[in-house]
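Report on the structure
Each chain, written out:
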Amino acid sequence: MSESTSTLHADLRDRSLRGSGRRFYVYLSLLMWLLALVGFGPGYISALVDGTWARSLPIHVHAFVYVGWLALFTYQVSLPSAGQIATHKRLGKTLVVYAVLMVVVGLTVTFSRFAERVAADELVAAQHALIHPLSDMVIFPVLFGLAVYFRATPEVHKRLMVVATTFLLVAAVGRMSFLGNPPSTLVYDLVWLSPIWIAMARDAFVSRRVHPVYAISMVTLGLVPLRTAIVETPPFQHFTVWLATWVG
């Protein structure tokens, strides 16, 4: 085989890998859709059937906003493979605004649910239920903020976007009762973090290494279940007692 032919084959292989890499993120977003629908779908349908939809309106608004994020994410990752890089960059600005909206809606629903439990004289239950969504609204902005910060470094940016969006699926997977009640940490993490596991496997296959973004993120997200220990700490107890007094 001549040197020119070998070079042509290598070039075609590189182009093929780049093209499949761009499509890969579209396929990965479809897996995220599946996890969201399996997690939230049954509860949404049952609310429609038993007539409790109106009473749970804030929850449905919250779910709708998060599904909107998935829609934007899927569209966003489809643009580079279609050669629409300029549109991809413009939409990124919209995602920043939308991320702020998500945090505002998330905090509104979180504190509303907390107030409902306090009004029902269930302070302890309210404290334990608060830590998950409240910490979610801290962790997600950090992950997304890092993705925005590294937007000029595509290989880092796109992986941080995968991590940030996967993190949002924590609530959906938490509603999958068929995983166990409660599910084992191993099973939960395998399902919840499956988009990242798959992305890591692809990195290992294509690049012969796992990108540091995924490695660091998996270690960090692996510590998320430990947040329940924060509930019993004096600062959190003082904060929630103050918050209960304020919302009451």
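For the structure itself, look to the data block above.
The structure reproduced in this document is the subject of the present report. For clarity, every value in this text was computed on a predicted model and none was experimentally measured. (Residues numbered from 1 in each chain as written. Predicted model: local features only at pLDDT ≥ 70, side-chain atom pairs only at ≥ 80, totals over all residues. Heavy atoms only, no water.)

1. Comments concerning the overall build of the protein
- Assigned secondary structure in the protein consists of ten helices and zero strands.
- Going from the N terminus to the C terminus, the protein shows its helices and strands as α-α-α-α-α-α-α-α-α-α.
- In the protein, which comprises 248 residues, the share counted as buried stands at 39%.
- When the accessible surface of the protein is totalled, it reaches about 14100 Å², and 69% of it is carbon and sulfur. (Helix = DSSP H or I, 4+ residues; strand = E, 2+ residues; numbered from the N terminus. Buried < 20%, exposed > 50% of the residue type's maximum accessible area, 1.4 Å probe, protein only. Areas by Shrake-Rupley, 256 points an atom, 1.4 Å probe, with all protein chains shown as cover.)

2. As for empty space enclosed by the protein
- One pass over the full model with this rule turns up one cavity of 30 Å³ or more.
- Quantified by volume, the largest cavity comes out at close to 100 Å³.
- Going through the elements one at a time, helix H1 (3-50) and helix H2 (57-81) are the ones with two or more residues in the lining of the largest cavity.
- In terms of residue count, H2 provides more of the lining of the largest cavity than any other element does, five residues in total. (1 Å grid on protein atoms, 1.4 Å probe; cavity = no way out; pocket = protein on both sides within 12 Å on 5 of 7 lines; lining within 4 Å. Points joined across faces, edges and corners; volume = space filled by probe spheres on them.)

3. Quick look at the side chain of Thr74
- Tracing the chain through its elements places Thr74 in helix H2.
- On the basis of relative accessible area, Thr74 is assigned to the buried category, the value being 16%.
- Within the structure, Thr74 has its side chain in polar contact with the side chain of Ser29 (distance 3.2 Å).
- Beyond its immediate chain neighbours, meaning those up to four positions away, Thr74 contacts Ser29 and Trp33. (Polar contact = N/O pair within 3.5 Å; in protein donor to acceptor, adjacent residues only side chain to side chain. Contact = heavy atoms within 4.5 Å.)

4. Let's talk about the pattern of salt bridges
- By the definition in use, this model includes four salt bridges.
- Here Lys158 makes a salt bridge to Glu155, at a shortest N to O gap of 3.2 Å. Taken together, the residues span about one helical turn, with Lys158 and Glu155 both in helix H5 (residues 154-167) at a distance of three residues.
- Of the charged contacts, one joins Asp203 and Arg159 as a salt bridge, the two residues approaching to 2.8 Å between their closest N and O atoms. Here Asp203, found in helix H8 (residues 194-206), pairs with Arg159, found in helix H5; they are 44 residues apart in sequence, far enough to count as distant.
- The exposure class assigned to Asp203 is buried, which follows from its relative accessible area of 4%.
- Members of the salt-bridge network, linked through shared partners, are Glu155, Lys158, Arg159 and Asp203. (Salt bridge = Lys/Arg side-chain N within 4 Å of Asp/Glu carboxyl O.)

5. Remarks on unusual backbone geometry
- Positive phi, normally seen in glycine, also occurs at Asp121, with a value near 60 degrees.
- Although it is not a glycine, Arg208 sits at a positive phi angle of roughly 65 degrees.
- Position of Arg208 relative to the elements: it lies in the loop between H8 and helix H9 (212-221).

6. A closer look at the packing of aromatic side chains
- The final tally for this structure, using the stated rule, is eleven aromatic pairs.
- Both rings, one in Trp69 and one in Phe144, keep their centres 5.3 Å apart while their planes meet at 80 degrees; by these two values the pair is edge-to-face. Separated by 75 residues along the polypeptide, Trp69 in helix H2 and Phe144 in helix H4 (residues 123-149) bring together distant segments of the chain. The same class applies to Trp69 and to Phe144, which are both buried.
- The interplanar angle of 85 degrees and the centroid separation of 5.0 Å between the aromatic rings of Tyr149 and Phe150 together place this pair among those described as edge-to-face.
- Classification of Tyr149 as exposed rests on a relative accessible area of 63%. (Phe/Tyr/Trp six-rings, centres within 6.5 Å; stacked < 30°, edge-to-face > 60°.)

7. As for the environment of Ala199
- Counting through the fold element by element, Ala199 comes out in helix H8.
- If near-sequence neighbours (up to four positions away) are discounted, Ala199 is found in contact with Phe24, Leu28 and Tyr214.

8. Looking at H8
- Here H8 spans 18 Å end to end across 13 residues, near enough to the 18 Å set by a 1.5 Å rise per residue.
- The complete set of buried residues in H8 reads Ser194, Pro195, Ile196, Ala199, Met200, Arg202 and Asp203.
- Count one or two residues on from H8 and you reach Arg208, which has phi positive near 65 degrees. (Expected span 1.5 Å × (residues − 1).)

9. A word on the packing of H5 against H9
- Viewed as axis vectors pointing N to C, H5 and H9 meet at an angle of 25 degrees, and their least axial separation amounts to 10 Å. As far as their axial angle goes, H9 and H5 are roughly parallel. Read as a crossing pair, H5 and H9 show a hand that is right-handed. Contact residues: H5 offers Val156, Arg159, Leu160, Val162, Val163 and Phe167, while H9 offers Val213, Tyr214, Ser217 and Leu221.
- Within the contact of H5 with H9, the residues separate by chemical class into eight nonpolar, one polar and one charged. (Axes fitted to C-alpha atoms, helices over the stretch in contact; angles between N-to-C directions. Parallel < 35°, antiparallel > 145°, perpendicular 65-115°, else oblique. Left-handed = near helix turned anticlockwise from the far one by under 90°. Nonpolar A, V, L, I, M, F, W, Y, C, P; charged D, E, K, R; others polar.)

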